[in-house]
Amino acid sequence: MSKNKNEGVNKIGINWYPGHMAKTKREISEKLNLIDIVYEVIDSRMPKSSKIIDIDDLIKDKPRILVMTKYDLCDKVETQKFIEYYEKLGYKVISVDLMSNNSLGIKKLLDITNELMKNINDKRIAKGMMPRAGRILIVGIPNAGKSTLINRLVGKKAAGVGNTPGFTKNLSWIRINKDLELLDSPGILWPKLEDQDSAHVLASLSSIKEEILNIDDIACFILRKLYKLYPEKLRERYGIEELDEDLIEAYETIAARRGALSRGGIADYEKVSNIIVRDLKNGYFGEITLDRLK
Ligand SMILES: Nc1nc2c(ncn2[C@@H]2O[C@H](COP(=O)(O)OP(=O)(O)OP(=O)(O)O)[C@@H](O)[C@H]2O)c(=O)[nH]1
Ligand SMILES: [Mg+2]
């Protein structure tokens, strides 16, 4: 475990906003006048932490659809609360499981998009202009599923996808059909995050590059978070009934259960941290949502 409990916190604070994100934001601002509609993509497992704080500064008053990806991985009860919360705030919200063959969510998204586009083109026609194909910007944090969503919309692999944050490197236009074009963008975060809980949620669910994280710090955060929100999942997976304050017992229990032992049969803490982080990343705790509405 972390010798210095604040190490990971500091690491996130310092390193989590690489220069290319500033560049992406600048390029999005420059291209904004070409855009008709924005798909703001958030991860259903963290509907609060994955929402870019200063998104309104970036996309101004462009018509927007909030797309909640990874619906298959989230806690449906909590997600429903967030959907209602965002709808009350005036958002159009669509939740999608991009891994499933069911394309109901995608169809709903396209229906709303076409409706918005019709309004935009009606206004153009009223001004004596020609109607034109809609241009959509897709924006969100790293690893949210932006490129996967594009591929579902196009119906084939048009954008690169990978389970590491920062997969997409450049802005690129992709045609969905004759009426719609889409601008894929690299994931962005925001320069400062006062809320370290959200920073850790983002790190736990793979939206911050692993290389800059303190894995022990994230693993401890995950254990504490799951104990608070889903104690039964810790019991099922690791046989942990109660979490001790400094987590030593919890680490020992996991090490014994999973054979994470170094020579001489001593618990290997680093291995345990890796197991915890991987288990969450691979969805082995089942359906979870790490944010809660206040
Ligand atoms: N289970 C599940 N996995 C998803 C879903 N959507 C995306 N993924 C996975 O999430 C990972 C990231 O997807 P991408 O589409 O590359 O994410 P991105 O937002 O384009 O990421 P960057 O380009 O890094 O900003 C991939 O491993 C996808 O397979 C979903 O609805 N359900
Ligand atoms: Mg991408």
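Residues numbered from 1 in each chain as written. Chains lettered and ligands numbered in written order. Predicted model: local features only at pLDDT ≥ 70, side-chain atom pairs only at ≥ 80, totals over all residues.

1. Points about the overall build of the protein chain
Thought 1: Within the protein chain, the secondary structure is distributed over eleven helices and eight strands.
Thought 2: For 294 residues, the compact-globule formula gives about 19 Å, and the C-alpha radius of gyration of the protein chain, at 21 Å, lands near that figure.
Thought 3: The principal-axis extents of the C-alpha atoms in the protein chain amount to approximately 80 × 35 × 35 Å.
Thought 4: Taken over 294 residues, the protein chain has a buried fraction of 37%.
Thought 5: If you take every contact in the protein chain between residues at least 6 apart in sequence, the share linking residues at least 24 apart comes to 68%. (Helix = DSSP H or I, 4+ residues; strand = E, 2+ residues; numbered from the N terminus. Rg over C-alpha atoms; globule rule 2.2 N^0.38 Å. Buried ≥ 20, exposed ≤ 12 C-beta atoms within 10 Å, placed from the backbone. Contact = placed C-beta atoms within 7 Å.)

2. Digging into the sheet that holds strand E5 (residues 172-177)
Thought 1: Overall, mixed pairing links the six strands, which are arranged E3-E2-E1-E4-E6-E5 in an open sheet. What marks the edges here is a single partner per strand, and that holds for strand E3 (92-95) and E5. This sheet shows a mean twist of 25° between the axes of neighbouring strands, independent of strand direction.
Thought 2: Taken together, the six bridges between strand E1 (residues 37-43) and strand E2 (residues 64-69) define a ladder with parallel strand orientation. When the bridges of E2 are listed, Glu 40 appears paired with Leu 66.
Thought 3: Strands E2 and E3 of the sheet are contacted by helix H4 (residues 76-88), whose axis makes an angle of about 160° with E3.
Thought 4: Strands E1, E2, strand E4 (134-140), E5 and strand E6 (180-184) of the sheet are contacted by helix H6 (residues 146-154), whose axis makes an angle of about 160° with E6. (Pairing = 2+ DSSP bridges. Axes fitted to C-alpha atoms, helices over the stretch in contact; angles between N-to-C directions.)

3. Structural notes on the packing of helix H7 (residues 196-204) against helix H8 (residues 215-229)
Thought 1: Contact geometry for H7 and H8: axes closest at 10 Å, N-to-C directions at 105°. Comparing the axis directions of H7 and H8 gives the class roughly perpendicular. When H7 is examined against H8, the residues His 200, Ala 203 and Ser 204 are found in contact with a partner set consisting of Ile 218, Phe 221 and Ile 222.
Thought 2: Counted by class, the contact of H7 with H8 contains four nonpolar, two polar and no charged residues. (Parallel < 35°, antiparallel > 145°, perpendicular 65-115°, else oblique. Nonpolar A, V, L, I, M, F, W, Y, C, P; charged D, E, K, R; others polar.)

4. Description of the site of ligand 1
Thought 1: Every one of the 25 residues lining ligand 1 counts as a neighbour, but Gly 145, Ser 147, Asn 163, Thr 168 and Gly 187 are closest to it.
Thought 2: For the shell around ligand 1, the leading source of residues is H6, giving three residues.
Thought 3: Of the residues contributing to the shell around ligand 1, the split by class is ten nonpolar, eleven polar and four charged. (Near = placed C-beta within 6 Å.)

5. Digging into the environment of Ile 176
Thought 1: Within the secondary structure, Ile 176 sits in strand E5.
Thought 2: The spatial distance from the C-alpha of Ile 176 to the C-alpha of Ala 250 is 49 Å, given a sequence separation of 74 residues.
Thought 3: Sequence-distant contacts of Ile 176, defined by excluding residues within four places in its chain, comprise Leu 153, Val 154, Glu 181 and Leu 182.

6. Here we look at the nonpolar core
Thought 1: Counting 63 residues, the largest nonpolar core has Val 67, Ile 138 and Ile 222 as the members making the most contacts within it.
Thought 2: Two domains share this core, each providing at least three of its residues, namely domain 1 (17-184) and domain 2 (196-281).
Thought 3: Excluding its chain neighbours within four sequence positions, the residues that come into contact with Ile 222 are Ser 204, Ile 276, Val 277 and Leu 280. (Core = buried A, V, L, I, M, F, W, Y, C linked by C-beta atoms within 7 Å. Domains from an automatic or database assignment.)

7. Some words on the packing of helix H10 (residues 248-258) against helix H11 (residues 269-281)
Thought 1: Running from amino to carboxyl end, H10 crosses H11 at an angle of 85°, the nearest separation of the two axes being 10 Å. Relative to H11, H10 is oriented roughly perpendicular. Each of Tyr 251, Ile 254, Ala 255 and Arg 258 in H10 lies in contact with H11, whose residues at this interface are Tyr 269, Val 272 and Ile 275.
Thought 2: Class assignment for the residues of the contact of H10 with H11 results in six nonpolar, no polar and one charged.

8. A look at the environment of Val 154
Thought 1: Mapping Val 154 onto the fold places it in helix H6.
Thought 2: Each C-alpha atom, one on Val 154 and one on Pro 165, is 22 Å from the other, the two residues being eleven residues apart in sequence.
Thought 3: For Val 154, the contacting residues outside a window of four places in its chain are Ile 174 and Ile 176.

9. Quick notes on the domain arrangement of the protein chain
Thought 1: Domain boundaries in the protein chain define domain 1 (17-184) and domain 2 (196-281).
Thought 2: Its C-alpha centre places domain 1 at a distance of 33 Å from the equivalent point of domain 2.
Thought 3: Across the contact, twelve residues belong to domain 1 and eight residues belong to domain 2.
Thought 4: Of the residues that constitute the side of domain 1 that touches domain 2, the class distribution is four nonpolar, five polar and three charged.

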